[in-house]
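If you want the building blocks of each chain, they are given just below.
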Amino acid sequence: MKGAGVEMSSPEKVATVWTAEVATVPQLARLDMRAPLSGQRAFRRRAAALRRRLAQGVTSARVRVTTDTLRKLVR
Amino acid sequence: MVIAASLSIVPFGTRRDPLVELDRELGSPQVKYLRCYLHDLGARTVVVEPHYFDRDYLAEFVAFYATSTVGYPNVCQRLHFFDRRVTRGMLERAAGGDAVAQQVLQAAYLGHIVRRPLPDAPIGRTVLRSYPDHLGIAQGTPRVMSPARDYEAHVAGLTWRVHGLAWQQQESAVGACATVALWSMLHASAFDDHHAIPTTAEITLAAQRGVPSGSRIFPAVDGLRIEQMLEVIKAQGLAPVVIPGDDADGFEHDRFCTLIGAFLRSGYPVLINGKLDDQERSGHAVCLVGFRSPALPVIADGDVEHADRTIDVVYVHDDNLGPNARFRVEAFESNGQAFVQLRGEAPRPTHGPLPTENPTVTYHPIIPTEIVVAVHPELRTAPEHLQRVAIKYAGWLPEILDHESSRQRHRQSSGMVVSSRFIPWVEYVERELGSALKNRPAALARARLGLWEAVPPMSLHVGLVRVSLGLQPMLDILFDTSDSDRHLCPAAHVVFHAQVAWLRRRWAALAGESIELGVQVRAW
């Protein structure tokens, strides 16, 4: 297996999800990590909704391999 | 008796060019495709090795052609292509040890084609460089060709290297299109450390040994059934994965794209079994060898999506065409649902008009109905399951970032992308982290030592899920792949920013429950 799998035909490095170098992120830098907790009730509802949505995704039915699939002929 | 003969040097595209001769004699789509492909790579010279004993052809010869009264020869030619003018003097200097001449030839080397002495199917093992990708790199959508590997050709004491994946034309006596697709698949970089690559004859024999079809082995005119393909993979000591489409019409678009993205990024080529959208809807197998990275999708605040679900170009080894053929991933509607089809598309010529018609543009679309992949036997996690749990374990981060950003009155986008693949554990620690944290040596040291000292022993191949805000890595979630899918849960997570660790604690405080992501490894 090769690293990010990105073919580099040029010496410059291209940033993709798999090749980006970690750098300071303004969105995160602006967060005050000492801010008091707030919006607990609303957030719990939001978290519960997310849990339900994600659980549905994980248990979604897998497409089964059938005998007919296996016997398909490819010329 | 094979008589010694000189290497010949022929200008590409002239009457003496062996591909031009073959085009004149056969006019086959494979020869036309190769002429167009090499023309667009800027080929200028062909060095013809008059006698070359090819391992694959010799196996085909032993299996079938040797006992034919036609009297097929057992020796092939090998054609080497260069994107500059090559002279006899230059070859002599390189053969005499001149380092500059050797470097010039290597830099110009585009790859090679074995010409078999078979009148109807002369194109044997072919390894060609892929097109330069300056535009894709400039636009942030580079080509991903992870299954490609290095090949070496040895000529008169010179070694010419080319990076690609082997392809060959189907010859119907020893193999079918599925045989050739399997053969290309088993050449992949992912298996470099694993096994010897089987010949097409060995593939056909392994298929018939595991699941006899009832018909004769050679000539292999009946093709292969999917179950036979799986037996071939097992015979190589690898584990077969077969993934059927969503229904008889094939794959739903996003599912297809995220699946092939995960396999190809992991270095595993993807064998596509499908229907050619011609009048007979005939079955056909091709080997996907790469794709173009899609642009990042626009994601709603607080949401998370797979990065590869919008792949729109794939690269295909198709025995009806040639290597690295470009296909667009399109949707077609059937019974109110959108399914995937692959439509051949020629890139715009970059070296002037093409020398012959490009068969890609008139080729029937392929409708994928099944995916078959060979993976390492130690890797027990289904990629589809990894993708599902990737969203499950990543979903909290954009949600809490969105909440905190709005509470602290910083309006900013908080949608994130998630991407998953398999990677050898040591390669993750060495290359992947080394690349992501290249300019942060202290964080790199902490992360590497943390993974080695604080995380329980990991499997040989790990499932890697990267969660990113735009292109910026937020965290990597690592899964042990040596257990069954039922027990798949994160073994460790590497956090790249202090704020991400803080957001996780924040989630626990606000939601009243923690997110189980295994051992936290600090990489900031």
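Residues numbered from 1 in each chain as written. Chains lettered and ligands numbered in written order. Predicted model: local features only at pLDDT ≥ 70, side-chain atom pairs only at ≥ 80, totals over all residues.

## Re the overall build of chain A
On a plain count of helices and strands, chain A comes out with three helices and one strand. Element order for chain A, N to C, with α for helix and β for strand: α-α-α-β. Split into buried and exposed, the 75 residues of chain A put 25% on the buried side. (Helix = DSSP H or I, 4+ residues; strand = E, 2+ residues; numbered from the N terminus. Buried ≥ 20, exposed ≤ 12 C-beta atoms within 10 Å, placed from the backbone.)

## A look at the domain arrangement of chain B
Residues and elements named next belong to chain B. Split into domains, chain B comes out as domain 1 (8–351 + 358–375) and domain 2 (383–522). One C-alpha centre belongs to domain 1, the other to domain 2; they are set 35 Å apart. Across the contact, 19 residues belong to domain 1 and 21 residues belong to domain 2. Listing elements by their share of the side of domain 1 that touches domain 2, those giving two or more residues are helix H10 (253–265) and strand E13 (304–306). The element that contributes the greatest number of residues to the side of domain 1 that touches domain 2 is H10, accounting for five residues. Here the residues of the side of domain 1 that touches domain 2 sort into 10 nonpolar, four polar and five charged. (Domains from an automatic or database assignment. Contact = placed C-beta atoms within 7 Å. Nonpolar A, V, L, I, M, F, W, Y, C, P; charged D, E, K, R; others polar.)

## Considering the interface of chain B and chain A
Contacts between chain B and chain A engage 76 residues on the former and 49 residues on the latter. Residue composition of the side of chain B that touches chain A, grouped by class: 31 nonpolar, 26 polar and 19 charged. The pairing of strand E1 (residues 73–74) of chain A with strand E9 (residues 224–225) of chain B spans two bridges and is antiparallel. Note on E9(B): the bridge partner recorded for A:Val74 is B:Leu224. (Pairing = 2+ DSSP bridges.)

## Considering the sheet that holds strand E5 (residues 123–128) of chain B
Residues and elements named next belong to chain B. Taken in spatial order, the five strands make up an open sheet running E1-E2-E3-E4-E5, and their pairing is antiparallel. The outermost strands of the open sheet, each flanked by one partner alone, are strand E1 (8–11) and E5. Geometrically, the sheet is characterised by an average inter-axis angle of 20° between neighbouring strands, direction not taken into account. In terms of strand pairing, strand E2 (residues 45–52) meets strand E3 (residues 76–82) through six bridges, oriented antiparallel. (Axes fitted to C-alpha atoms, helices over the stretch in contact; angles between N-to-C directions.)

## Examining unusual backbone geometry
Residue and element names in this part refer to chain B. Each neighbour pair has its own omega, and for Phe218 with Pro219 the value is 0°, a cis peptide bond. Checked against the element boundaries, Pro219 lands in the loop between helix H8 (200–210) and E9. Positive phi is not limited to glycine here, since Asn335 has a value of about 50°. In this structure, Asn335 sits in the loop between strand E15 (322–334) and strand E16 (337–344). Phi at Arg409 is positive, roughly 60°, even though this residue is not glycine.

## Side note on the environment of B:Asp319
All names here are of chain B. Note that Asp319 resides in the loop between strand E14 (313–318) and E15. On the basis of neighbour counts, which here come to 27 C-beta atoms within 10 Å, the residue Asp319 falls in the buried class. Sequence spacing of Asp319 and Trp167 is 152 residues, and the spatial spacing of their C-alpha atoms is 7.6 Å. The contacts of Asp319, once residues within four sequence positions are left out, are Gln169, Gln170, Cys177 and Val180.

## Things to note about the confidence of the model for chain B
Averaged over every residue, the pLDDT of chain B is 93; the share at 70 or more is 99%. Reported for the predicted complex are a pTM of 0.93 and an ipTM of 0.84. (pLDDT = per-residue confidence, 0-100.)

## So, the pairing of strand E7 (residues 149–155) of chain B
All names here are of chain B. Of the pairings in the sheet, the one linking E7 to strand E8 (residues 158–164) comprises seven bridges and is antiparallel in character. Paired with Glu152 across the strands is Arg161, a residue of E8. Connecting E7 to the next strand, E8, in antiparallel fashion are two residues, including Ala156 with a positive phi near 50°.

## Brief notes about the sheet that holds strand E18 (residues 416–424) of chain B
All names here are of chain B. Taken together, six strands build an open sheet; the order of strands is E13-E18-E19-E20-E21-E22 and the sheet is mixed. If you trace the sheet from one side to the other, it starts and ends with E13 and strand E22 (519–522), each paired once. The sheet shows a mean angle of 25° between the axes of neighbouring strands, direction not considered. Bridging between strand E19 (residues 461–469) and strand E20 (residues 472–480) involves eight bridges; their strand directions are antiparallel. Across the sheet, Leu469 pairs through a bridge with Gln472, a residue of E20. Contacting strand E21 (490–495) and E22, helix H14 (residues 441–453) runs over the sheet at an angle of about 155° to E22.

## With respect to helix H12 (residues 396–407) of chain B
Residues and elements named next belong to chain B. Spanning 12 residues, H12 covers 16 Å between terminal C-alpha atoms, matching the ideal 16 Å at 1.5 Å per step. Taken across its 12 residues, H12 has 10 buried, putting it largely inside the fold. Listing the buried residues of H12 in full gives Trp396, Leu397, Pro398, Glu399, Ile400, Leu401, Asp402, His403, Glu404 and Ser405. One or two residues past the end of H12 sits Arg409, with phi positive at roughly 60°. (Expected span 1.5 Å × (residues − 1).)

## Section: the packing of helix H7 (residues 177–185) of chain B against H8(B)
Residue and element names in this part refer to chain B. Running from amino to carboxyl end, H7 crosses H8 at an angle of 115°, the nearest separation of the two axes being 9 Å. The pairing of H7 with H8 is recorded here as roughly perpendicular in orientation. Both H7 and H8 take part in a crossing whose hand is right-handed. Listed contacts from H8 to Thr179, Val180, Leu182 and Trp183 of H7 are Thr200, Ile203 and Thr204. Of the residues that constitute the contact of H7 with H8, the class distribution is four nonpolar, three polar and no charged. (Parallel < 35°, antiparallel > 145°, perpendicular 65-115°, else oblique. Left-handed = near helix turned anticlockwise from the far one by under 90°.)

## What about the packing of H8(B) against helix H9 (residues 226–235) of chain B?
Residues and elements named next belong to chain B. Where H8 meets H9, the closest approach of the two axes is 8 Å, and the angle between their N-to-C directions is 110°. One element, H8, and the other, H9, form an angle in the roughly perpendicular class. The two elements H8 and H9 cross, and the hand of that crossing is right-handed. Residues Ile203, Ala206, Ala207 and Gly210 of H8 form the contact with H9, whose participating residues are Gln228, Glu231, Val232 and Ala235. Grouping the constituent residues of the contact of H8 with H9 by class yields five nonpolar, two polar and one charged.

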